[in-house]
Amino acid sequence: MNHSHHQHMLLDFKKRFFVSLILTVPVLLLSPFFQKVLGYSLTFSGDRYVLFALAMVVYIYGGAPFIRGARKELLSKQPGMMTLIGMAISVAFFYSAAVTLGISGKTFYWELVTLIDIMLLGHWIEMRSVMGASRALEELIKLMPVEAHLITPDGIKDVSMQEIKPGDMVLVKPGEKIPSDGVVIEGSSNVDESMLTGESKPVFKRPGAEVIGGSINHDGALKIEIRSTGKDTYLMQIVELVKQAQTTRSKTQDLANKAAFWLTIIAITAGFSTLGIWIALGKPLLFALERMVTVMVITCPHALGLAVPLVVSVSTSKSARKGILIRDRKAFERIKDVDVVIFDKTGTLTEGNFEVTDVVSLSNIQETEIIKLAVSLEANSEHPIARAIVRYGESKNIKPEKVIDFAAIPGKGAKGRMDASEYWIVSPNYIAEQGIEFNNERIMNLLNSGKTVVFLMDDNTVIGAIALGDKVRPESRKAIAELHKLGIKAYMLTGDNKAVAKTVADELKMDGYFAEVLPHEKAMKVKELAKKYIVAMVGDGINDAPALVEAHAGIAIGAGTQVAIESADIVLSRNNPEDVVETITLSKATYRKMMQNLIWATGYNVVAIPLAAGALYSIGVLLSPAMGAVLMSLSTVIVAINARLLKA
């Protein structure tokens, strides 16, 4: 409901803006001021009434949202931007209408219509930033398959997920998504849960193991008994967490609204005070009214309306060229004040892919030969560990030998014959199950550091080992160092085990880490830190979605899941942690420009309003309505130029 309301408002502002913009063109062409400045003449009988009619349509149609907004603010006794805009366009229109219909004075039609155009454009830009957060929930739900292979007494039947209920038996083939939460009854396979839990390597599942709906089955068929469906599943609980975080996140009042509140008070007070003072001094009503209108026009928030949206527009363009995509303006403004940046590990600080880090020989065989044997056995496997070993062999120009009697051992490894000998490449679990003993301090250190280790065997003898790890991005080191220079702490949050987390955190010199945490626990950790600090969360997976939304600012790595992107306020499209520092720097620069513009857009009134009111009338200095309009326009031009000078 809230999503459709924002969508309706977005389209409404867009439509009103373009209609008003089209009508503005003839208003400008017919305005005496523009004709005088540009040196042309466009007059005909009744031209002032045509000008009046066009301006009236823009006032009624384009100004309607602001008139309604002003009425609402005044009824709630909280005057702000809408009150100021509504009052400015109303004073300009009704005074100009009175001049058109007979009283002496000058019209403000072009000021009126351009003011309405700028305000509609500013609000349209703002509404576009509101859209998008709710789409995260839709992306989460898309992870669930639409069909399942239901096992029935008559055989296997493909049914929709709506027909699946707890207690049903389903078959999940290799490469398919697991349809819902359940328990493995038959079969064994490696299951990729990284999209849900953050664990970087596939998890081996055997009978009795629990599986999560939405995770991907790798290399073996599984018979699963469904335990949870619908809203009770792990994935849908994550959906609920994201929804709760979205609805409870704090709102920050826009800086422009604060400035507009005080400008509203100043404008109302100055305008009516000017009218009253000049009447009290015995001046004609027309003179006093003209002074009041000049004050109102010079206080028209052209510059204030552009002060924030234009700077944001410029910074958004600059950031896009740097690979930083801003989805939520307020979160982008908040990130300048962050005290702590929390990084997900897998795919964010690390590359998210296995790579061979160590080769250990436990016999007289050379390390090169160990790699050659391992590559030969793994050449036809699609397992992530196997692919990493093959890539490593290719980098060393090692070609696989022909393997006969090859056989995969699900969850344990593979075996095959080469040169009349049988070789095995297996996991530590297989070594432990077979009771095979070996004593090597280097391998034990690798295991204790969190590395994934596979063993090469010749019959029942361990002849070597290969260690694999998730490579730390080179950019991560520089990013953490730059954050420390800015006085910002860096923490790591991961679903991986403590040994892996400690290794990465120590290597990057991070201020702390949280390991073995599930998605809902990640959100809790972020919430806990957010009580004491301004927190930014950086992640790329579904498991990061609740934490991204819970943070003061959520930053997603662009190559991550669509869910993470939709949950985030800012997206880093280049997969570079250094862009986190770039984002903070740009936010600080943007804030400075916003403050400069807001100070100018309101501060110039300190001089302009007294002049418009006639403070120097006694010495012959009187600011005409036309000059007031020029100063107002000049203020807008200065704000626009200043915004364009944004550097970061």
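Under an unreviewed UniProt entry, the chain has the name ATPase and belongs to Kosmotoga pacifica. The UniProt entry for the chain carries the following comment under Subcellular location (unreviewed entry): "Cell membrane". The heading Sequence similarities (unreviewed entry) in the UniProt record of the chain holds the text "Belongs to the cation transport ATPase (P-type) (TC 3.A.3) family. Type IB subfamily."

Chemist: Hey, could you run me through the overall build of the chain in this one?
Modeler: In terms of helices and strands, the chain carries 26 helices and 22 strands. Out of the 648 residues belonging to the chain, those deemed buried represent 52%. Here the analysis covers contacts within the chain between residues at least 6 apart in sequence; of these, 69% occur between residues at least 24 apart. Looking at the chain as shown, the accessible area adds up to about 29600 Å², and 57% of this sits on carbon and sulfur atoms.

Chemist: Hey, could you run me through the nonpolar core in this one?
Modeler: Soluble globular proteins tend to pack their nonpolar side chains together in the buried interior. Among the nonpolar cores identified, the biggest contains 40 residues, and V27, F66, I89, Y109, L112, I116 and L120 are the most heavily contacted of them. Elements that contribute at least two residues to this core include exactly α1 (2-30), α3 (47-62), α5 (81-100), α6 (109-130), α10 (255-280) and α11 (285-298). Counting 32 residues, the second-largest nonpolar core is a separate cluster that includes V341, L349, V538 and L586.

Chemist: For this particular structure, what's the right way to read the sheet that holds strand β4 (residues 182-186)?
Modeler: In any sheet, the strands associate via hydrogen bonds between backbone groups, in a parallel or an antiparallel arrangement. Read from one edge of the open sheet, six strands run β2-β1-β3-β9-β4-β7, paired in antiparallel fashion. Across the chains shown, the open sheet's two edge strands, defined by having one partner strand only, are β2 (155-160) and β7 (210-211). Alignment of β4 against β7, held across two bridges, turns out to be antiparallel. Residue pairing for β7: V183 is matched across the bridge by E210.

Chemist: Before we go on, may I ask you to explain the packing of aromatic side chains in this structure?
Modeler: To describe a pair of aromatic rings, one takes the distance between the centres and the angle between the planes. Per the counting criterion, the structure on display carries nine aromatic pairs. Summarising the aromatic geometry, the rings of F93 and F94 are spaced 5.2 Å apart at their centres and angled 70° between planes, so their arrangement reads as edge-to-face. Residue F93 is classed as buried on the basis of its relative accessible area of 5%. Aromatic side chains W278 and Y617 sit 5.4 Å apart centroid to centroid with 85° between the ring planes, which places their arrangement in the edge-to-face category. Taken together, the residues W278 in helix α10 and Y617 in the loop between α25 (605-613) and α26 (625-644) connect sequence positions 339 residues apart. In textbook terms, an aromatic cluster arises when at least three aromatic residues are bridged by ring pairs, as seen for F52, Y59, F93 and F94. Directly above the ring of Y61 sits R16, whose terminal nitrogen or CZ lies 4.8 Å from the centroid. Above the ring of Y591, the side-chain terminus of K336 is found at 4.2 Å from the ring centroid.

Chemist: Could you clarify how one ought to interpret the UniProt feature "transmembrane region" (unreviewed entry) in the chain in this entry?
Modeler: Here, UniProt's "transmembrane region" (unreviewed entry) annotation points to residues 49-67, 79-101, 107-125, 259-281, 293-312, 598-620 and 626-646. A distance of 23 Å separates the end C-alpha atoms of residues 49-67, which is 95% helix and 0% strand.

Chemist: So what exactly am I meant to see when it comes to the environment of F343 here?
Modeler: Tracing the sequence through the fold places F343 in strand β11 (residues 340-344). The spatial distance from the C-alpha of F343 to the C-alpha of Y513 is 9.1 Å, given a sequence separation of 170 residues. Setting aside anything within four residues of it in sequence, one finds F343 in contact with T348, L349, I480, L483, A490, Y491, M492, L493, M510, V538, P577 and V580.

Chemist: Please clarify how the pairing of strand β20 (residues 535-539) should be interpreted in this entry.
Modeler: The two faces of a sheet get side chains in turn, since along a regular strand they alternate between them. Counting buried positions along β20 yields five of five residues, so the element is predominantly enclosed. Of the two faces of β20, the one carrying V535, M537 and G539 and the one carrying A536 and V538 are both buried. For β11 and β20, the ladder comprises four bridges, and the chain directions are parallel. Paired with V340 across the bridge in β20 is V535. Two elements, β20 and strand β21 (residues 553-557), share four bridges in a ladder whose sense is parallel. By the bridge assignment for β21, A536 is matched with A553.

Chemist: It is not clear to me how α25 should be interpreted in this structure. Could you clarify?
Modeler: For the α-helix, the turn length of 3.6 residues means that residues three or four positions removed from each other point alike. Along α25, the residues classified as buried are N605, A608, I609, A612 and A613. Projection of α25 onto a plane perpendicular to its axis shows the buried side chains occupying an angular sector of 125°, all on one side. α25 presents V606 and V607 as exposed residues on the side facing more than 90 degrees away from its buried surface. Downstream of α25 by a residue or two, G614 has a phi angle that is positive, lying close to 100°.

Chemist: Would you explain the side chain of D168 in this entry?
Modeler: With respect to the helices and strands, the residue D168 is situated in the loop between β2 and β3 (169-172). Only 3.0 Å separates the side chain of D168 from the backbone nitrogen of K165, close enough to count as a polar contact. Those residues in contact with D168, other than ones at most four positions away along the chain, are L150, E163, I224, E225 and I226.

Chemist: Could you clarify how one ought to interpret α3 in this entry?
Modeler: Between its first and last C-alpha, α3 extends 22 Å over 16 residues, near the 22 Å set by a 1.5 Å rise per residue. Residues of α3 that are buried: D47, L51, F52, L54, A55, V58, Y59 and G62.

Chemist: Please explain a nonpolar patch on the surface as it appears in this structure.
Modeler: A cluster of nonpolar side chains, contributed by W600, L634, V637, I638, I641 and L645, occupies part of the molecular surface with about 530 Å² of accessible area. In terms of residue count, α26 provides more of the nonpolar patch than any other element does, four residues in total. With respect to the secondary-structure elements, L645 resides in the segment after α26.

Chemist: Whenever I open this one, the pattern of salt bridges confuses me. Can you help?
Modeler: It is possible for side chains bearing opposite charge to pair when their charged atoms get close. Taken as a whole, this structure holds 15 salt bridges when the rule is applied. A salt bridge links D12 to R16; the shortest N-O distance between them is 2.9 Å. Of the two residues, D12 and R16 are both situated in helix α1; the distance of four residues between them amounts to about one turn of the helix. Judged by relative accessible area, which is 21%, D12 ranks as partly exposed. Accessibility expressed as a relative area gives 11% for R16, which makes it buried. Residue E507 is joined to R477 by a salt bridge in which the shortest nitrogen-to-oxygen separation is 2.2 Å.

The rules behind these values
Residues numbered from 1 in each chain as written. Predicted model: local features only at pLDDT ≥ 70, side-chain atom pairs only at ≥ 80, totals over all residues. Heavy atoms only, no water. UniProt positions renumbered as here; feature names shortened; annotations may be inferred. Helix = DSSP H or I, 4+ residues; strand = E, 2+ residues; numbered from the N terminus. Buried < 20%, exposed > 50% of the residue type's maximum accessible area, 1.4 Å probe, protein only. Contact = heavy atoms within 4.5 Å. Areas by Shrake-Rupley, 256 points an atom, 1.4 Å probe, with all protein chains shown as cover. Core = buried A, V, L, I, M, F, W, Y, C linked by side-chain atoms within 4.5 Å. Pairing = 2+ DSSP bridges. Phe/Tyr/Trp six-rings, centres within 6.5 Å; stacked < 30°, edge-to-face > 60°. Lys NZ or Arg CZ within 6 Å of the ring centre and 35° of its normal. Arc of directions from axis to C-beta. Polar contact = N/O pair within 3.5 Å; in protein donor to acceptor, adjacent residues only side chain to side chain. Expected span 1.5 Å × (residues − 1). Patch = residues over 30% accessible without salt bridge, like charges linked within 9 Å, V, L, I, M, F, W, Y side chains within 5 Å. Salt bridge = Lys/Arg side-chain N within 4 Å of Asp/Glu carboxyl O.

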